[in-house]
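In case you want the letters, here they are:
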Amino acid sequence: MWMLLILLLPLVALTYIAWHVWVMLPLSALWKSLVIALGVLSFAMLFLNFRRVFDGMPLSVAQMAYEVGTSSIFVLLYLVMIFLLLDLGRLVHLVPKSLLYHNGYTALGIFVLVLGVFVYGNLHYNNKVRVPLEIKSHKPLSREYKIVMASDLHIGYHNPRKELARWVDMINAENPDFILIAGDIIDGSMRPIIEERMAEEFRRLKAPVYACLGNHEFYSGVPGAKQFYKDAGIHLLVDESAVIDSSIVIIGRDDRTNMRRKPIKDLMYSLTSHPSPLTSRYTIVLDHQPYNLDRAEAAGVDFQLSGHTHRGQVWPISWITDRIYECSWGSHQRGNTQFYVSSGLGIWGGKFRIGTQSEYVVATLK
């Protein structure tokens, strides 16, 4: 039932917009049909992306098709909001009917408005925000640590090697002791990652990298993702742990897409590589999706880094994620457990940030 509703909603929205465009444009039927057909084709590319049709295209063509298809869903959202606002205005007699019928000025105004919003969204996406974070440990540490944290890189068709190289330079400039990535390094298709040899960029990082899987690694195929992590020199932790300087334990959880992943309490106390309880050391958990934060608190986790939400990427979807998750973005405290949910360094789909930010965290663990 829910899946049917999810499929029907975009089609209803597309029909609603198409009708408004038809009655608004002061053009011949042929030109109006062409405009609507172009919009439908752009939206259809979104589904072609899910079917991996782009993998058979030349890389530059596939990148463009991906951008157009995945951007269309956000354009669709904003056009629906604009037309709903105009229709409501008409119902309460604030918007004259002439504004919505055969009016080129209205059509041009909407086009300029939408274009302006998404140009801003793209510029805002490309501005990566450095988030400082101080973490205080009540457990003994060997020394003070500087950690760069990120999530949701979504490298692939729309975040190519050139963009990844810029991010690597930004991280290296921080001179961290180690780097944590909370899943979704891969967007979906392995084809652009392999073809552009992106693993070589990760090997330029000057500090050890620890990461967990995200749901998009499952979409791309876990075996291929694991091989890429290995080629990239990333320490992938799948229901496993790693020890740093004998005083810090990093636990990487398998993504909740795997319904058989180990409970956090078992990972805290029963990992074969650490026969004694891990609570004697400062524990950092990487868990891509920030669900069930109470379980991490009950298990005695000191700090958890998550991502996944993107905080909705664009407003007003951020309002929805803020209600779905206990914490959809930023710092959060539960008892003695500190959380940080990143809105992501990269992004899925169209490169737009409206009301949210693309970020990386520079944490000091004292």
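I will try to describe carefully the structure that is included in this document.

Rules behind the numbers
Residues numbered from 1 in each chain as written. Predicted model: local features only at pLDDT ≥ 70, side-chain atom pairs only at ≥ 80, totals over all residues. Heavy atoms only, no water. Helix = DSSP H or I, 4+ residues; strand = E, 2+ residues; numbered from the N terminus. Expected span 1.5 Å × (residues − 1). Core = buried A, V, L, I, M, F, W, Y, C linked by side-chain atoms within 4.5 Å. Buried < 20%, exposed > 50% of the residue type's maximum accessible area, 1.4 Å probe, protein only. Contact = heavy atoms within 4.5 Å. Pairing = 2+ DSSP bridges. Axes fitted to C-alpha atoms, helices over the stretch in contact; angles between N-to-C directions. Right-handed = clockwise from strand over helix to strand, strands pointing away. Disulfide = S-S within 2.5 Å. Salt bridge = Lys/Arg side-chain N within 4 Å of Asp/Glu carboxyl O. Phe/Tyr/Trp six-rings, centres within 6.5 Å; stacked < 30°, edge-to-face > 60°.

The next thing to look at is helix H2 (residues 29-50). In this model H2 runs 32 Å from its N-terminal to its C-terminal C-alpha over 22 residues, within 8% of the 32 Å that 1.5 Å per residue would give. Trailing H2 by a residue or two, Arg52 shows a phi angle of about 65°, which is positive.

This brings us to the nonpolar core. Within the largest apolar cluster, 36 residues are counted, with the highest numbers of intra-cluster contacts made by Leu153, Ile155, Ile185, Phe202 and Phe228. Secondary structure elements with two or more residues in this core: strand S2 (145-150), helix H5 (161-172), strand S3 (178-181), helix H7 (199-202), strand S4 (209-211), helix H9 (222-232) and strand S12 (359-365). Setting aside anything within four residues of it in sequence, one finds Ile155 in contact with Leu164, Trp167, Ile185, Ile186, Asp187, Ile193, Met198, Phe202 and Phe228. Ranked by size, the runner-up nonpolar core spans 32 residues in total, among them Leu59, Tyr66, Leu76 and Ile82.

Attention now goes to the sheet that holds strand S7 (residues 248-252). Here 6 strands make up an open sheet; going across it, the order is S6-S7-S8-S9-S11-S10 and the pairing mixed. Looking at strand neighbours, the two that pair on one side only are strand S6 (240-244) and strand S10 (330-334), the edges of this open sheet. When strand polarity is set aside, the average angle formed by the axes of neighbouring strands in this sheet is 20°. The pairing of strand S9 (residues 303-306) with strand S11 (residues 337-341) spans 4 bridges and is classified as parallel. If you follow Phe303 over to S11, its bridge partner there is Gln338.

So, on to the sheet that holds strand S5 (residues 235-236). Read across the open sheet, the 6 strands follow the order S1-S12-S2-S3-S4-S5; overall the sheet is mixed. Where the open sheet ends on each side, the last strands, each with one partner, are strand S1 (129-135) and S5. Note that S2 and S3 share 4 bridges and pair parallel. For Ile147, the partnering residue across the bridge sits in S3 and is Phe178.

Turning our eyes to something else, we now look at the pairing of S9. Burial along S9 is two-sided: Phe303 and Leu305 and Gln304 and Ser306, pointing in opposite directions, are all buried. Where strand S8 (residues 282-286) meets S9, 3 bridges bridge the pair, whose relative direction is parallel. Pairing of Val285 across the sheet is with Gln304, part of S9. Once the chain exits S8 it traverses helix H11 (residues 293-299) before rejoining the sheet at S9, and the crossover so formed is right-handed.

Here we come to the state of the cysteines. Tallied over the full model, the rule gives 0 disulfides. Of the cysteine sulfurs around Cys212, a residue in no disulfide, the closest is that of Cys327, at 16 Å. Note on Cys212: relative accessible area 0%, which makes it buried.

What follows deals with the pattern of salt bridges. In the structure shown here, the tally under the stated rule is 21 salt bridges. Of the charged contacts in the structure, one is a salt bridge between Glu200 and Arg161, with a shortest N-O distance of 3.1 Å. Residue Glu200 is located in helix H7, and its partner Arg161 is located in helix H5; the two are separated by 39 residues in the primary sequence. Of the charged contacts in the structure, one is a salt bridge between Asp287 and Arg261, with a shortest N-O distance of 3.0 Å. Residue Asp287 is found in the loop between S8 and H11, and its partner Arg261 is found in the loop between S7 and helix H10 (264-269); the two are separated by 26 residues along the sequence. Like Asp287, the residue Arg261 is buried in the burial classification.

With that settled, consider the pairing of S2. Burial analysis of S2 places 5 of its 6 residues in the buried class, the great majority of the element. The handedness of the S2 to S3 crossover, carried by H5, is right-handed.

Centre-to-centre distance and the angle between the planes together describe a pair of aromatic rings. Counted according to the given criterion, the structure contains 13 aromatic pairs. When the centroid spacing of 6.3 Å and the interplanar angle of 85° are considered together, the rings of Trp19 and Tyr101 count as edge-to-face. With Trp19 in helix H1 (residues 2-24) and Tyr101 in the loop between helix H3 (59-91) and helix H4 (104-126), this pair connects stretches of sequence that are 82 residues apart. On the basis of relative accessible area, Trp19 is assigned to the partly exposed category, the value being 42%. Ring geometry for Trp315 and Trp319: centres 5.3 Å apart, planes at 85°, overall edge-to-face. Following the ring pairs from residue to residue traces out a cluster consisting of Phe74, Tyr78, Phe118, Trp348 and Phe352.

Between Trp315 and the following residue, Pro316, the backbone shows a cis peptide bond with an omega angle of 10°. On the secondary structure map, Pro316 appears in the loop between S9 and helix H12 (317-324). Of note, the phi angle at Asp152 is positive, near 50°, even though the residue is not glycine. When you line up the elements, Asp152 lands in the loop between S2 and H5. Its relative accessible area of 0% is what places Asp152 among the buried residues. Of note in the backbone geometry, Asn175 takes a positive phi value of approximately 50° without being a glycine.

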